[in-house]
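What follows is the residue order along each chain.
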Amino acid sequence: MSSKKKVTAAKKSTKGAEATSTLVSPERNRLFLPVLLALAVIPLAVHMTIVSVDPNEAKIIGTDTYGDLFSQCKAWLLFLTGIILLAVSAFNYKKILKKQSRIYTAYLAAGGVFLLFTLLSACFSQYSSIAFWGAHDRAEGALILCCYILLLFYTMYVYRTERDGRNLLIALGIVVTVSSFLGAFQYFGHDLFPTDFGKLLTVFPWDFDRVKKISLQSSSGRLYGTFYHWDYAGSFAAIAAPVFLVPALFAKNLRARLALWSMALLSVWLLLGSTSRAGIVGVVFALLFGIVFFWKILTEHWKVSLSAFALVMIALIGVNTVSHGKIFSRIPSLLSDVSAVFQNSSGDDYLSQLPIRDISVKNGGTIEIVTQNQDVLNAALKQNSLDLKDGSGRSVSIQMQNGLSVITDPRFQRIGFGLTLMGFDQDEHGIVVDIDGQPQFFFRIDGGDKLQMTNSSGTVEIDSLKTPPTFGFKGKEKLGSARGYIWSRALPMVSGHLLLGAGPDTFELHFPQNDLLGKYWAYGTANMLVDKPHDLYLQILFGEGGIALAAFLAMMLLYLIDSFRLYAMKRKYQKNQILGIALCLGIVGYLFAGLFNDSVVSVAPVFWILLGSGIAVNFQNRRELSNGPAAAAGKETVEA
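First things first, this report covers the structure right here in the doc. (Residues numbered from 1 in each chain as written. Predicted model: local features only at pLDDT ≥ 70, side-chain atom pairs only at ≥ 80, totals over all residues. Heavy atoms only, no water.)

1. Some words on the sheet that holds strand β5 (residues 376-382)
Going by this rule: Pairing between two strands is assigned when DSSP locates at least 2 bridges connecting them. Starting at the N terminus, helices and strands are each numbered in turn, a helix being any DSSP run of H or I of at least four residues and a strand any DSSP run of E of at least two. For every element, the axis is a line fit to its C-alpha atoms; helices are fit only across the contacting stretch, and the angle between N-to-C directions ranges from 0 to 180 degrees.
One open sheet accounts for 4 strands, arranged β3-β4-β5-β6; its pairing is antiparallel. Only two strands of the sheet have a single neighbouring strand rather than two, namely β3 (356-362) and β6 (385-390). Going from strand to strand, the sheet's axes swing by 20 degrees on average, the running direction of each strand aside. The sheet contact formed by β5 and β6 spans 6 bridges and is antiparallel. Bridging across to β6, Ala-379 finds its partner in Leu-388.

2. A look at empty space enclosed by the protein
Going by this rule: Note on definitions: the grid is 1 Å and covers protein atoms alone; a cavity is a set of points where a 1.4 Å probe fits but cannot get out; a pocket is an open set with protein on both sides within 12 Å along at least five of seven lines; lining residues have an atom within 4 Å of a point. Grid points are joined across faces, edges and corners, and a volume is the space filled by probe spheres set on the points.
Counted under the stated rule, the structure contains 1 cavity of 30 Å³ or more. Quantified by volume, the largest cavity comes out at close to 250 Å³. Considering the residues around the largest cavity, the lining is formed by 26 residues, among which Glu-140, Gln-539, Ile-540, Glu-544 and Ser-599 are closest to the centre. Within the residue set of the lining of the largest cavity, elements represented by two or more residues are α8 (142-158), α20 (536-544) and α23 (604-627).

3. Digging into the nonpolar core
Under the convention used in this document: Buried residues of nine kinds, namely Ala, Val, Leu, Ile, Met, Phe, Trp, Tyr and Cys, make up a nonpolar core once their side-chain atoms join them within 4.5 Å. Exposure classes here rest on a 1.4 Å probe applied to the protein chains alone. A residue is buried below 20% of its type maximum, exposed above 50%, and partly exposed in between. Throughout, a contact is declared for two residues whenever any of their heavy atoms are within 4.5 Å.
Counting residues in hydrophobic clusters, the biggest one holds 125 residues, and the most contacted among them are Phe-236, Phe-552, Leu-591, Phe-607 and Trp-608. Once you skip the residues sitting within four places of it in the chain, Leu-591 turns out to touch Leu-536, Tyr-537, Phe-552, Met-556, Leu-560 and Phe-607. The next biggest cluster of nonpolar side chains, apart from the first, holds 31 residues, and it includes Ile-407, Ile-445, Leu-465 and Ala-526.

4. Some thoughts on a nonpolar patch on the surface
Heads up, the condition is: Patch membership needs two things, relative accessible area over 30% and no salt bridge, and members are linked within 9 Å if like-charged or within 5 Å if nonpolar (Val, Leu, Ile, Met, Phe, Trp, Tyr). Exposure was quantified through the Shrake-Rupley algorithm and a 1.4 Å probe, taking into account, for residues, occlusion by the shown protein chains and nothing else. When a carboxyl oxygen of Asp or Glu is within 4 Å of a side-chain nitrogen of Lys or Arg, the pair counts as a salt bridge.
A cluster of nonpolar side chains, contributed by Val-284, Phe-285, Leu-288, Ile-291, Val-292, Trp-295, Phe-564 and Met-569, occupies part of the molecular surface with about 670 Å² of accessible area. The greatest single-element share of the nonpolar patch, amounting to 5 residues, is contributed by helix α13 (residues 277-293). Here Phe-564 is to be found in helix α21 (residues 546-567).

Printed below as a string of structure tokens:
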């Protein structure tokens, strides 16, 4: 009788082991192939797309046609990927929907709510066309956000084998390698994209005549890879660095160790070469979470841990010395911004620190400028020339220097005037007011001697420079490369869009772009276009609404808590658990970088794919733990 029971128990144990073995079998998972292609191709796609700008947006940016090199092509590839995923799901839904658990249901519910309110926000948006298809150089409208959620759901259902995990790292490694290669040229001042060779690779032959020159935000000592901007290269590095570093620390196979360490170091190169402070913040918090996960191993092997940390610091200091301080160049400013957050600046008034206090048009044809010393300069347009007088009506003498009318009166020496062309076709005349030799304020000549204050392109009428509603950050507008300025103006905008949001990618249409004095103080120029909130969570809150943000946060918290419960503070880890931790720390890096960076189509697909993979890996590891010792039979265990 007892022997029979033992046989039965053995059979049950074998079944459990077989079930787990099937789950991680090395066979090729063809359903996962579209995800791998999306991960390897979309972030690297660079192609010039000529965009016809929506009329509402065209007025703000000053052009009705725009050449987009990075966002539109990625968005179209992602949209095509979404269609492929739907088709594959329709033909293989029985295979795909095999995984069923309460936690998967929770993800589906939260993702479904996010999806629903994203679509509702676009439908009810004042600018529904932009809300669905995205802004001219961002292309992250509701349809692209839906593709993100589709990527998440598809990935978490079709990820099944350890081979999928290896392929995932290979695909991510391709992006790291190519971006690091291109980034090296950018960092040393030889960006390939604006060259004739770059034009040959990124522009269709039939568009050659339309694209005279490719102008990019490129500067020596910074890299952006294929991510459009160094800030987004930082967000990507905040994901990639921990994803490769964790398995590199535990790898036993020499080839795997070399490959993983190479990718980890290239990811760190992307991080430091981008000089993105947001990326640095993301990696720092990923490391802090990593310390929590591996606390027991680190304390048991504290000598090795301290030695490894010392070697890394010595290497970084050496590289920083060789690069003449460029690698760590922005860390001091990061520390000063952190310090500034806690300083009291409630009494600071930026208007009292500008060269001028106000500028406006009086009586239709006179530009009135009030300096900080309350001196008034009136510039009246008379028969295509400017007649300058002070507040008392006395004439102010001027002389021509380099095409500008420069004032010799010491009260107004910082002010200059010049003529300019404006309008969509550059066929309208205007006057530009220079401060300290830089063009700051523009006035369109509307026939005769009439003047109208406008933006730099002459396409938006500005009636006054009243400060818009603000919230917080008084005296701290320059904090975080003017993020304090953006957030102080953006937070009051949210109040009218708490439920449904204003529509995805419509931020620039609602932001008070006519706050010229505020921009002048924050950026040093009054002609900056603010097109994004520089905060992932504020972006969702304003664009898709509070309920969508709550659903997003619910998914993130559910994943992080689940990962913490599965992996935190163990002495030994199985191979699949190491991958689970690596993916979790990559997600942590992105989420903390998101405090200062937005979602963008260059990086977001990577985040959503890795999140879906992380959820699937957690599902596998939870299933193995619930099956008990039999499930772990034959599994490789790794230690530090």
